[in-house]
There are 2 protein chains.
Amino acid sequence: MKKRRPTVTDVAKLANVGASTVSRHLRGVSVSPEVAIRVAEAIVQLGYHPDETARALRVGRTRTIGVIIPQVSNMFYSRAVQLIEEEVGRRGSAVILLTHQESRKQQAVQLATIRRYRADGLILAPAAGSTLEELRSALPGTPVVAIDRLISPEMDSVVLRNREAARTATEHLLSHGYKHIAAVISRPEIASFQQRWQGYVEAMAEKNLDTILIQAPDHDQLRYALTSSFLGQRRPDALLSFSNRVTQTILLAFDELAFAREDRIPMLGFDDFDLASLVDPPLSVVRQPTENMMRHATNILFRRIEDGELMEPQNIALPGQLVYRRSCGCS
Amino acid sequence: MKKRRPTVTDVAKLANVGASTVSRHLRGVSVSPEVAIRVAEAIVQLGYHPDETARALRVGRTRTIGVIIPQVSNMFYSRAVQLIEEEVGRRGSAVILLTHQESRKQQAVQLATIRRYRADGLILAPAAGSTLEELRSALPGTPVVAIDRLISPEMDSVVLRNREAARTATEHLLSHGYKHIAAVISRPEIASFQQRWQGYVEAMAEKNLDTILIQAPDHDQLRYALTSSFLGQRRPDALLSFSNRVTQTILLAFDELAFAREDRIPMLGFDDFDLASLVDPPLSVVRQPTENMMRHATNILFRRIEDGELMEPQNIALPGQLVYRRSCGCS
DNA sequence: CTGTTAGCGCTTTCAT
DNA sequence: ATGAAAGCGCTAACAG
């Protein structure tokens, strides 16, 4: 005798009520107190647990939120996922986590997955080069909010004020007297990096200084580009790193060259991380208000799920915070 | 006119076949080639995407795997989640990600969530102090494999050979001539830490050396305990850190005390991480074979889902790898 | 406030 | 190889 999972009907029978009454009780709709007790008892007695898949099929809402990011093993995104999970859980939904590894093809696969699972909404950090159309058509009718990377103002989004932050950061570097500041970028197709590049260019132009770009498609090649640059004739006298992953690569390059603290090129990087204050010298960074950002993202998503299309597209851009430690030249 | 999502029936009508034929086609069961084409065309024409929730209800399998960990924002776990996501995705399922923040109450909530969503299986890093019974009874009939922390040999598990690794690590420290080696632990209720403690104790006992325990319920207090110990009479001459989070706290304590590289107490820590080689001095660590572990975990889980209870409980314990950098005293 | 009934979209007998 | 019909567990009308 294999014991079937108890259903509403089982509970209903045991409590001597109709199935719909059990359903009502479950959803907190008006039920006579006396009946409520009987139902509650029957539920614990049978060890009944509602079936979300059945509910989803009937109601058309799955209480699941898709989250698609480049990868979890990047401090910024793992923190983001943590916050989203908490926020979404608080609202009685669960997170379906998918990664696209910066590949649009993989992203397409994951979007299709979200579609099959009928997630109520999606929080997405779009893969480099994604277009609004490709995203929209993959999930018609499903609310999407973009995080970290802005694709189009027509899509809800929550991002950093990238241009402004990069500009301020560059200006700070300039205020230390550096003139040959290099921007270090991994994948320039990524929207947020483009905006940061703009901000950097603006700040440099204002002082009539030439821009320097150190860039490579992957981090191994980037490290190579960095070491060559550091050893070359036109070695930059300061660095602006566009992501924490890039910052790591820069540190690796210093290490490879056995640069002592004094040799290290002053730098300032995007994204704060746990050990930033512990490297030598302590890293000055642009800190993102990640918690706030994810709260906004979840809020917007759920409003969109409930209210539908009525609302104007929301495009939130939050200011970064410059954290001055030593690496930029501050004492 | 609101456009309904196309269903198998819509596809069937358009292709002039029965709904079951469409279903068969979708699942790759024998269908006459001529019909297959008509169905395929209808599918693209309508933009049909199967509904997993309906399938799940009917079939009783959701193609969903629960993953519950303490938190995503810990390098070890974020890496683990990344690997699990890939592995699970490869098998056509999706990950529902939940965190318990090291709280058994929160863990109970999340287990109930997994139950409601009818996940086919669960990969779990149990909260400190969890018992087999509490875990089992929360999810009767659902396969669970424990990772990182062993609760009971009756439950499938994939963990590090913690005792052995700690012992080897301690022995290595001893080989450098240190005698007052302190074990630094955050939450001693965590199973893996207990095993590591055992290994440490064994190695110390073998040399007739006294054990030293530096421990605190949270990382702020731990940092305080560390600084007191470093400044006190019986300052340890080497440290064995039990997790990367603890290692960070130790580094923070060094920093707080403004210990220069020479003042820093030699140490060796569990868990490798990206910047381990970049701190000063570079950190010697016990590296976990995370990729292998997660592959094993997923394999076991899916076998369990398919074959059911027939299989003996699997308890995999993989050896750690000692990575010698400088911090332990090696040159 | 409560019970009956129908049906969400799919798969699975059971005939043909 | 194919179609008709039943049913997975739930909720939303609808009557009472």
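- Under an unreviewed UniProt entry, the name given to chain A is Transcriptional regulator, LacI family, and the organism recorded is Terriglobus saanensis.

### What about the sheet that holds strand S12 (residues 321-323) of chain B?
All names here are of chain B.
Thinking step 1. Strand order in the open sheet formed by 6 strands is S7-S6-S8-S9-S10-S12, with mixed pairing between adjacent strands. Each edge of the open sheet is held by one strand with a lone partner, namely strand S7 (212-215) and S12. If you compare each strand with its neighbour and ignore which way they point, the axes differ by 20° on average.
Thinking step 2. Sitting on the sheet, helix H11 (residues 244-256) is in contact with strand S6 (181-185), strand S8 (238-241) and strand S9 (267-270), with an inclination near 145° to S9.

### Observations regarding the protein's contact with DNA strand C
Thinking step 1. Residues in close proximity to DNA strand C total 24 residues, the closest being Thr21(A), Arg58(A), Val8(B), Tyr48(B) and Arg58(B).
Thinking step 2. Of what DNA strand C places within 4 Å of the protein, 59% of the atoms are sugar or phosphate.
Thinking step 3. Interatomic distance of 2.7 Å between a side-chain N/O atom of Arg27(B) and a phosphate oxygen of DNA strand C.
Thinking step 4. Within the side chain of Tyr48(B), an N or O atom sits 2.3 Å from a phosphate oxygen of DNA strand C.
Thinking step 5. Elements supplying a minimum of two residues to the surface near DNA strand C: helix H2 (19-27) and helix H4 (52-59) of chain A together with helix H2 (19-27) and helix H4 (52-59) of chain B.
Thinking step 6. If you tally residues by element for the surface near DNA strand C, the top one is H4(B), at 4 residues.
Thinking step 7. Classifying every residue of the surface near DNA strand C gives 9 nonpolar, 9 polar and 6 charged.

### Side note on the protein's contact with DNA strand D
Thinking step 1. Taken together, 24 residues form the shell around DNA strand D, and within it Val8(A), Tyr48(A), Arg58(A), Gly18(B) and Thr21(B) come nearest.
Thinking step 2. In DNA strand D, the atoms that sit within 4 Å of the protein are 66% sugar and phosphate, with bases accounting for the remainder.
Thinking step 3. The contact in question runs from a phosphate oxygen of DNA strand D to an N or O atom on the side chain of Ser23(A), over 2.8 Å.
Thinking step 4. Within the side chain of Thr21(B), an N or O atom sits 2.6 Å from a phosphate oxygen of DNA strand D.
Thinking step 5. Contributing elements (two or more residues each) for the surface near DNA strand D: H2 and H4 of chain A together with H2 and H4 of chain B.

Rules used in this analysis
- Note on numbering: residues in each chain are counted from 1, in written sequence order.
- Naming scheme: in the order in which they are written, chains are lettered from A and ligands are numbered from 1.
- Only residues with pLDDT of 70 or above have their local features reported here, since the model is predicted, and side-chain atom pairs are shown and tallied only from 80 upward, although totals for entire chains, interfaces and linings are computed over all residues.
- Excluded from the side-chain calculations are hydrogens and water; all other atoms, namely the structure's heavy atoms, are used.
- What makes two strands pair is DSSP finding at least two bridges between them.
- Put simply, DSSP marks the helices as runs of H or I at least four residues long and the strands as runs of E at least two long, and each gets a number from the N terminus on.
- Every axis in this analysis is a line fitted to C-alpha atoms, fitted for helices over the stretch in contact. Angles between the N-to-C directions lie between 0 and 180 degrees.
- Two residues form a contact once any of their heavy atoms are found within 4.5 Å.
- Any residue with a heavy atom positioned within 4 Å of a molecule or strand is treated as near that molecule or strand.
- Polar contacts here mean pairs of N or O atoms no more than 3.5 Å apart (in protein, one a potential hydrogen donor and the other a potential acceptor; neighbouring residues in sequence count only if both atoms are side-chain atoms).
- The classification used treats Ala, Val, Leu, Ile, Met, Phe, Trp, Tyr, Cys and Pro as nonpolar, Asp, Glu, Lys and Arg as charged, and all other residues, Gly among them, as polar.

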